[in-house]
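Take a look at the letters that make up each chain.
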Amino acid sequence: MTIDAAEAVAVGADVCKTIEVTVEENRHHIHRAHHSLRTGTDTGEHIHVDRDGKGLFIPPLNFAMVDNGVFRSGFPDITNFTHLQSLGLRSIICLCPEPYPEESMEFLKKNGIKLYQFGIDGYKEPFMNIPQDTIGEALKVLLDVRNHPVLIHCKRGKHRTGCVVGCLRKLQKWCLSSIFDEYQRFAAAKARVSDQRFIELFDITSLKNMPFSFSSLNW
């Protein structure tokens, strides 16, 4: 489902509580990043300064490149906007059911970025409900190179995003051990057996006839 920046509507699940990006949290990330630059310590916060030293490029939580023109992360906030601009994004795929924050919608509108929202509720084991149809629809958007460069994200960039990326890797004919290694690298201590089971059983047959796909996909 395509959602224009001016009219975002959550897909599928009931709308949940709006995500709040607090000023204190933003200050905390920036403070830690500055501390890392000053002391040379690894705080886990990645920060980049442009050549003129005038701008800060702070990637979202769990940010990484998946493939050419495809990126993944946790939910971006206002401190990440400069970094997102540097990616030249055409689209964002959001896997959260919450309404997109107003400041984020303004950013998307200003930069001509389309929002595709596929609302998948967060869950904790042993209660799981990963909708295969919704994951499939998100993959169709992801596979269409007309949407690239594209960022796919959920709240933390671990479970829902990990499932979509894991299913993409099946299409790319990765072996399961490599798929699970990548999933676990982002989920870390929060890795879920149910997510990995979902990836293993996900049926990619209907996606093999997609007219647009990555250059790296070899059927």
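Sequence positions are assigned chain by chain, starting from 1 and proceeding in written order. With the structure being a predicted model, the display of local features is reserved for residues of pLDDT at least 70 and the display and counting of side-chain atom pairs for 80 or more, all residues being used for whole-chain, interface and lining totals. Hydrogens and water molecules were not included; the side-chain quantities draw on all heavy atoms of the structure.

The name an unreviewed UniProt entry gives the protein chain is diphosphoinositol-polyphosphate diphosphatase, with Nepenthes gracilis as the organism.

Here we look at the packing of helix H5 (residues 159-171) against helix H7 (residues 193-201)
How we decide: The axes are straight lines fitted to the C-alpha atoms, using for helices just the contacting stretch, and the angles between their N-to-C directions are given from 0 to 180°. Secondary structure elements are taken from DSSP: a helix is a run of H or I of four residues or more, a strand is a run of E of two residues or more, and numbering for both begins at the N terminus. Roughly parallel refers to an angle under 35 degrees, roughly antiparallel to one over 145, roughly perpendicular to one between 65 and 115, and oblique to any angle outside these ranges. Handedness of each helix crossing follows the sense of rotation of the near helix against the far helix: counterclockwise by less than a right angle gives left-handed, clockwise gives right-handed. The contact rule is simple, with two residues in contact once any of their heavy atoms fall within 4.5 Å. By the convention adopted, Pro, Cys, Tyr, Trp, Phe, Met, Ile, Leu, Val and Ala count as nonpolar, Lys, Arg, Asp and Glu as charged, and the other residues, Gly among them, as polar.
Across the interface, H5 lies against H7 with an axial gap of 9 Å and an inter-helix angle of 30 degrees. The angle between H5 and H7 places the two elements in the roughly parallel class. Every pair of crossing elements has a handedness; the one defined by H5 and H7 is right-handed. Mapping the contact onto sequence places His159, Gly162, Cys163, Gly166, Cys167 and Lys170 in H5 and Asp195, Phe198, Ile199, Glu200 and Leu201 in H7. Grouping the constituent residues of the contact of H5 with H7 by class yields five nonpolar, three polar and three charged.

Quick notes on the sheet that holds strand S7 (residues 150-153)
Keep this limit in mind: A pair of strands is labelled paired if DSSP reports no fewer than 2 bridges between them.
Read across the open sheet, the five strands follow the order S3-S4-S7-S5-S6; overall the sheet is mixed. The sheet is open, and its two borders are formed by strand S3 (64-67) and strand S6 (114-117), each paired with just one other strand. Direction aside, neighbouring strands of the sheet carry axes that sit 25 degrees apart on average. When strand S4 (residues 70-73) meets S7, the two strands line up parallel, connected through four bridges. The residue bridging Ser73 from the neighbouring strand is His153, located in S7.

Digging into the pattern of salt bridges
What counts, and what does not: Only one rule defines a salt bridge in this text: a Lys or Arg side-chain nitrogen within 4 Å of an Asp or Glu carboxyl oxygen. Only protein chains enter the accessibility calculation, which uses a 1.4 Å probe. A residue is then buried if its area is under 20% of the maximum for its type, exposed if over 50%, and partly exposed in between.
All told, the structure shown has four salt bridges when counted by the stated rule. Two residues, Lys140 and Glu137, come together in a salt bridge whose shortest N-O distance is 3.3 Å. Of this pair, Lys140 and Glu137 both sit in helix H4 (residues 132-143), three residues apart, which is roughly one turn of the helix. Take Lys140: its relative accessible area is 33%, and that puts it in the partly exposed class. Here Arg197 ties to Glu200 by a salt bridge, and the two come within 3.5 Å at their closest N and O atoms. Within this pair, Arg197 and its partner Glu200 are both found in helix H7, separated by three residues, close to a single helical turn. Take Arg197: its relative accessible area is 46%, and that puts it in the partly exposed class.

Considering H5
To keep things clear, this is the line we draw: In a helix, the anticipated span is given by 1.5 Å times the number of residues less one.
Here H5 is 13 residues long and its end C-alpha atoms lie 19 Å apart, about the 18 Å a rise of 1.5 Å per residue gives. Counted residue by residue, H5 has 13 buried out of 13 residues, so it is predominantly covered. Positioned one or two residues after H5, Lys173 has a phi angle of 65 degrees, which is positive.

Regarding unusual backbone geometry
Note that the residue after His148, namely Pro149, is joined by a cis bond; omega there is -5 degrees. Although it is not a glycine, Asn62 adopts a positive phi angle of roughly 60 degrees. The residue Asn62 is located in the loop between strand S2 (56-57) and S3 in this model. Phi is positive for Ala188, close to 50 degrees, though the residue is something other than glycine. Positionally, Ala188 belongs in the loop between helix H6 (176-187) and H7.

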